[in-house]
Amino acid sequence: MTTATVLLVLVVVVALAFDFTNGFHDTANAMATSIATGALTPRVAVVLCGVLNLVGAFLSVEVALTVTNAVVKIQTSDGLPRPELLTGGGSDLLLIVLAGLIGGITWNLLTWLLGLPSSSSHALFGGLIGATLAGLGTSGVNWNGDGSKIDGVIGKVVLPALMSPFIAGLVAALGTWLVYRITAGVAARFTEKGFRWGQIGSASLVSLAHGTNDAQKTMGVITLGLIASGHWTDTENIPFWVKASCAIAIAAGTSLGGWRIIRTLGKGLVEITPPQGLAAEGASGAVILISSHLGLPLSTTHVATGSILGSGVGRPGAVVRWPVAVRMVAAWLITLPAAGLVGALTWYVADLLGGGLLGALVITGFLVAVSTAMFLHSRKAPVHPGNVNAEWDGANPDDPALPAVQALQTEQHLPA
Amino acid sequence: MHTLSLVWEDLWKITVASLILGAGLPALFAVGIRSLAYGTGGDAEEHGAGIAPAPHPIGRALAGLCFAIVLLVVGLGIVLIVASGFGQELSFDSIYPTIQDK
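## Structural notes on the UniProt feature "transmembrane region" (unreviewed entry) in chain B
What UniProt calls "transmembrane region" (unreviewed entry) maps, in this numbering, to residues 12–33 and 61–86 of chain B. What you have in residues 12–33 of chain B is 100% helix and 0% strand, and the ends, taken at the C-alpha atoms, are 31 Å apart.

## Points about the nonpolar core
In terms of nonpolar packing, the biggest core is built from 116 residues, with A:Leu98, A:Leu101 and A:Leu269 touching the most fellow members. When residues of this core are assigned to their parent elements, the largest contribution, 14 residues, is made by helix 1 (residues 3–37) of chain A. Among all residues touching A:Leu98, those that are not within four sequence positions of it are A:Leu7, A:Leu10, A:Val11, A:Val14, A:Ala360, A:Ile363 and A:Thr364. Core analysis: the next-biggest nonpolar cluster, separate from the first, contains 8 residues, A:Leu278, B:Leu25, B:Ile33 and B:Val70 among them.

## Focus: the packing of aromatic side chains
All names here are of chain A. Considering all chains together, one arrives at 6 aromatic pairs over all chains under this definition. Relative to Tyr-348, the ring of Trp-347 has its centre 5.8 Å away and its plane inclined at 70°; by these criteria the two rings are edge-to-face. With relative accessibility at 44%, the residue Tyr-348 sits in the partly exposed group. Three or more aromatic residues joined by ring pairs make a cluster, and in this case those are Phe-20, Phe-24 and Trp-112.

## Some details on the confidence of the model for chain B
On average, residues of chain B score 84 in pLDDT, and 93% of them are at 70 or above. The element-level mean pLDDT for chain B is lowest in strand 1 (residues 88–91) of chain B, coming to 71, with helix 1 (residues 2–40) of chain B highest at 90.

## Considerations on empty space enclosed by the protein
Residues and elements named next belong to chain A. In total, this model carries 2 cavities of 30 Å³ or more according to the counting rule given. Its volume calculated, the second largest cavity comes out at about 30 Å³. Lining the second largest cavity are Asp-26, Ser-119, Ser-120, Ser-121, Asp-214, Ser-299, Thr-300 and Thr-301. Of all elements in the fold, only helix 4 (120–136) and helix 10 (300–314) reach the threshold of two or more residues within the lining of the second largest cavity.

## What to know about the packing of helix 11 (residues 322–352) of chain A against helix 12 (residues 357–379) of chain A
How two helices sit against one another is set out by the angle between their axes and by the gap between those axes. Residue and element names in this part refer to chain A. Two numbers describe how helix 11 lies on helix 12: the axes approach to 8 Å, and their chain directions differ by 140°. By the angle between their directions, the pair helix 11 and helix 12 is classed as oblique. At the point where helix 11 passes helix 12, the crossing takes the right-handed sense. Where helix 11 approaches helix 12, its residues Val-342, Thr-346, Val-349 and Ala-350 are matched on the opposing element by Gly-359, Ala-360, Val-362, Ile-363 and Phe-366.

What counts, and at which threshold
- Residues numbered from 1 in each chain as written.
- Chains lettered and ligands numbered in written order.
- Predicted model: local features only at pLDDT ≥ 70, side-chain atom pairs only at ≥ 80, totals over all residues.
- Heavy atoms only, no water.
- UniProt positions renumbered as here; feature names shortened; annotations may be inferred.
- Helix = DSSP H or I, 4+ residues; strand = E, 2+ residues; numbered from the N terminus.
- Core = buried A, V, L, I, M, F, W, Y, C linked by side-chain atoms within 4.5 Å.
- Buried < 20%, exposed > 50% of the residue type's maximum accessible area, 1.4 Å probe, protein only.
- Contact = heavy atoms within 4.5 Å.
- Phe/Tyr/Trp six-rings, centres within 6.5 Å; stacked < 30°, edge-to-face > 60°.
- pLDDT = per-residue confidence, 0-100.
- 1 Å grid on protein atoms, 1.4 Å probe; cavity = no way out; pocket = protein on both sides within 12 Å on 5 of 7 lines; lining within 4 Å.
- Points joined across faces, edges and corners; volume = space filled by probe spheres on them.
- Axes fitted to C-alpha atoms, helices over the stretch in contact; angles between N-to-C directions.
- Parallel < 35°, antiparallel > 145°, perpendicular 65-115°, else oblique.
- Left-handed = near helix turned anticlockwise from the far one by under 90°.

Dropping the structure here:
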């Protein structure tokens, strides 16, 4: 096997691993509210979400080959790799993509460990930007397009991310307020039952939309690697096995359930009732679908978090834990640079080791080591279906909630 | 700054459409729940002790209508996802939705 072939295998495996983390990182976006209100049991919720992600991923047959073009210049506009990166059987390009993916996964796992929802797309883009900066310099990054249309890191990633939580929050706050106004005078037990059905429906829609939006990105990255190493030539289609494996990876990740993040979104941010859950997921579903329909897809994570927060603002008397929100926003702000830093550092390390087989194996080994360490650390304070809905204030001494979460309560001085 | 205005142009469209669908549909669903409670009567509505409200069939009919509209719009949303995946798009040019090539 040539160096490029081994690199390609590494890229495919690491890309699928990224897709898997993308899945469990984002289960919360669709299902946290339904799990928190008991509309669905935790297990049923994540499996439903996984199945709908699988269906969604297969429905997204639109070619996602130009996915990296939004942020970096390693492809031409028709999806082919830039010819100058194809020396050595494409290994230059493959190394950048590999380092970028490692940056994305590392950040996804770290934020999962801390129970923070952060955008998987931002982590992927951040990693790719970092690796490209290291490999090609600042001219390799598409900062702002050519100004004629929305493009580049600023136009497609940073500006939408700054605005999307506010849009989603506004929609959800208005929805929640309306729902409570309209159902005033109806017995609580009656409304809860009805709204649980609405919640399940709206959460399912968000799950499906997630599958169509997110699995595409990994499909695009893998196909780019295949083209760069000369294993695929068609820029109009992607190989079926790529689509199938990406769909399965994201669905498997989703069905595993990122319980730490589900807990933060469902219990930590706001105490959610079924009407709020419906308003939040309804707002998320509408914003995600409308924005991708209009060609400016917004991050599912930012939208879902904004919606849940908005549903707390819109319900009179609801508890909104602003310090939790501040921690999330902090994580969002550093997602791009942090994933970028890991992407850049791993590229430098691989380059120092000759930029070939040895370098690629060493940085992949680094990824495996870091992932294992974070997984083992998570076992010390596991969050699972049995405790995901435990009271946030930690009044129960058996509550194995996150130490990070408990530190937060100390900051907030919440009454036990 | 040009990018800012381009992004803003898209974002306000997203905001308006999302407010109509994302807040409007949950509100319509809530109208359905309220109508259903009115239609069911008895303990579905808050009432004083011993004077349970009578059921009103019209409430059930109105509830059915509300839920049907919500389901219809959500159904269109799913068609939108599926259609765009297959390189088609949903068009409202002829008032009722049709699927056409992008």
